[in-house]
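Summary of the model geometry
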Amino acid sequence: MTHDRATPAPDNASGTNNAPGPTTPPSHRAGPRSHDDPAPAGRRAGARDGHLTLLVIAKAPVPGRVKTRLTPPYSPEEAARLAEAALVDTLNVVLAVPARRRVLVLDGAAGPWLPDGVEVVRQCAGGLDERLAGAFGGCDGPALLVGMDTPQLSPALLAPALAADAWRTADAWFGPAADGGFWALGLAAPDPGLLRGVPMSTPTTGAVQRARLTAAGLRVRDLPVLRDVDSAADAAAVAAEATHTRFAAELARLARAGRR
């Protein structure tokens with residue numbers, strides 16, 4: 001789960017497509033808990049009920065602000081089109097699996113690419129660790145978060161964390177990325193303190209985050225390793241793996257245009 005290093009959107013940036021977002025009231029936000037008291041029994045019981053919130057954290061596909069590591073060889077406009085395709089692929093998967101809520105935690109403004117059935121809330125300010133923490137802080141029950149960098153995502157890849165018994169033997173689900181980060185994180189009892197301070201966008205981000213979970217006494221189960229789309233080589237490899245996706249179709253369209 002990587003994001004281009006860019007200045008976070010200002011506090012007045014709209015991520016709601018001109019509609020108020022369904023932000024959880026502060027009284028419902030999960031606060032940090034002691035690592036000596038992981039996942040209180042009542043919170044774990046709620047997780048076993050399967051009332052899951054699916055979170056997608058993303059940047060709006062705006063040229064020059066998204067997928068900047070694809071430029072070059074792609075132009076900022078082309079990189080933004082690839083980012084939009086990857087985001088739409090991800091949201092379509094989220095819509096195809098069972099969940100109580102489906103929430104896009106967005107840096108920027110929603111556009112016509114946003115499908116029906118997805119709530120939109122604005123990312124909080126701060127580094128990526130703070131923004132991930134804020135996403136979980138808006139949940140009052142078990143939550144599974146994914147990014148926009150893995151358009152090869154499928155219901156089958158998420159299935160272990162969505163099964164009826166997914167939370168009976170796990171307090172957390174972790175999806176490692178091939179670059180050392182992570183593409184998915186699920187928490188039975190969302191605790192923003194489990195993410196704050198984790199160094200992001202480094203080769204050890206995933207290892208540090210997973211260690212933070214186990215140090216808190218959480219039972220962690222792993223999802224498959226996936227490759228993030230960060231470079232042109234990543235884009236080609238992921239498109240070849242997931243030929244049915246909108247992302248692969250957009251990459252092929254660029255190739256047919258004779259630009260690559």
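Each value, and the rule that gives it
Residues numbered from 1 in each chain as written. Predicted model: local features only at pLDDT ≥ 70, side-chain atom pairs only at ≥ 80, totals over all residues. Heavy atoms only, no water. Helix = DSSP H or I, 4+ residues; strand = E, 2+ residues; numbered from the N terminus. Buried < 20%, exposed > 50% of the residue type's maximum accessible area, 1.4 Å probe, protein only. Contact = heavy atoms within 4.5 Å. Areas by Shrake-Rupley, 256 points an atom, 1.4 Å probe, with all protein chains shown as cover. Pairing = 2+ DSSP bridges. Axes fitted to C-alpha atoms, helices over the stretch in contact; angles between N-to-C directions. Parallel < 35°, antiparallel > 145°, perpendicular 65-115°, else oblique. Left-handed = near helix turned anticlockwise from the far one by under 90°. Polar contact = N/O pair within 3.5 Å; in protein donor to acceptor, adjacent residues only side chain to side chain. Phe/Tyr/Trp six-rings, centres within 6.5 Å; stacked < 30°, edge-to-face > 60°. Salt bridge = Lys/Arg side-chain N within 4 Å of Asp/Glu carboxyl O.

Another aspect to go through is the overall build of the protein chain. Scanning the protein chain from terminus to terminus reveals seven helices and seven strands. Seen in sequence order, the protein chain has helices and strands lined up from the N terminus as α-β-α-β-β-α-β-α-β-β-α-β-α-α. Among the 260 residues that make up the protein chain, the fraction classed as buried is 52%. Long-range pairs, those at least 24 residues apart, make up 72% of the contacts in the protein chain with a sequence separation of at least 6. In the structure as shown, the protein chain presents an accessible area of about 10700 Å², 55% of it carried by carbon and sulfur atoms.

Another aspect to go through is the pairing of strand 5 (residues 172-176). Among the five residues of strand 5, five are classified as buried, and the element is accordingly described as predominantly covered. Side chains Ala172, Phe174 and Pro176 of strand 5 all project onto a buried face; the interleaved residues Trp173 and Gly175 project onto the opposite face, where all are buried too. Between the end of strand 5 and the start of strand 6 (residues 182-187), which pair antiparallel, lie five residues, with glycine 180 showing a positive phi angle near 100°. Looking at chain direction, strand 5 and strand 7 (residues 220-222) are connected through three bridges and run parallel. Counterpart to phenylalanine 174 in the pairing with strand 7 is aspartate 222.

Judged by how many residues are buried, helix 3 (residues 128-137) sits mostly within the fold: eight of ten residues are covered. Of the surrounding elements, those touching the buried residues of helix 3 are strand 1 (53-59), strand 2 (101-107), strand 4 (143-146) and strand 6.

On to the packing of helix 6 (residues 232-241) against helix 7 (residues 246-256). Close contact between helix 6 and helix 7 brings their axes to 9 Å; oriented N to C, the two are set at 120°. Taken together, the axis directions place helix 6 and helix 7 in an arrangement best described as oblique. Crossing handedness for the pair helix 6 and helix 7: left-handed. When helix 6 is examined against helix 7, the residues Ala235, Ala236 and Ala239 are found in contact with a partner set consisting of Phe247, Ala248 and Leu251.

A few words on the environment of aspartate 191. In this structure, aspartate 191 sits in the loop between strand 6 and helix 5 (205-215). Residue classification places aspartate 191 among the buried positions, given a relative accessible area of 1%. Through-space distance from the C-alpha of aspartate 191 to that of glycine 134 is 9.5 Å; in sequence the pair is 57 residues apart. Polar side-chain contacts of aspartate 191 include one of 2.9 Å to the backbone nitrogen of glycine 193.

Sheet architecture is open: seven strands sit in the order 3-2-1-4-6-5-7, paired in mixed fashion. In this open sheet, the two edge strands, each paired with only one partner strand, are strand 3 (119-122) and strand 7. The sheet shows a mean angle of 20° between the axes of neighbouring strands, taken without regard to direction. Looking at chain direction, strand 5 and strand 6 are connected through five bridges and run antiparallel. Bridging across to strand 6, alanine 172 finds its partner in leucine 187. On the sheet, helix 2 (residues 76-96) packs against strand 1, strand 2 and strand 4 and is oriented at approximately 175° with respect to strand 1. In this fold helix 3 packs onto strand 1, strand 2, strand 4 and strand 6, with an angle of close to 150° to the strand it touches most, strand 1.

Next up on the list: the packing of aromatic side chains. Any pair of aromatic rings gets described here by the distance separating the centres and the angle formed by the planes. Under the criterion given, the structure shown has one aromatic pair. Each ring, one from phenylalanine 174 and one from phenylalanine 182, has its centre 5.5 Å from the other, and the planes form 40°; the classification is tilted. Using a relative accessible area of 3% as the deciding quantity, one classes phenylalanine 174 as buried.

In the structure shown here, the tally under the stated rule is twelve salt bridges. Aspartate 140 is the partner of arginine 100 in a salt bridge, and the nearest nitrogen-oxygen pair spans 2.9 Å. Within this pair, whereas arginine 100 is found in the loop between helix 2 and strand 2, its partner aspartate 140 is found in the loop between helix 3 and strand 4, the two being separated by 40 residues in sequence. Given a relative accessible area of 40%, arginine 100 falls into the partly exposed group. Between arginine 210 and aspartate 222 there is a salt bridge; the shortest N-O distance is 3.0 Å. Remark: aspartate 222 occurs in strand 7 and arginine 210 occurs in helix 5; sequence separation between them is twelve residues. Relative accessible area serves as the criterion here: at 44%, aspartate 222 is assigned to the partly exposed category.

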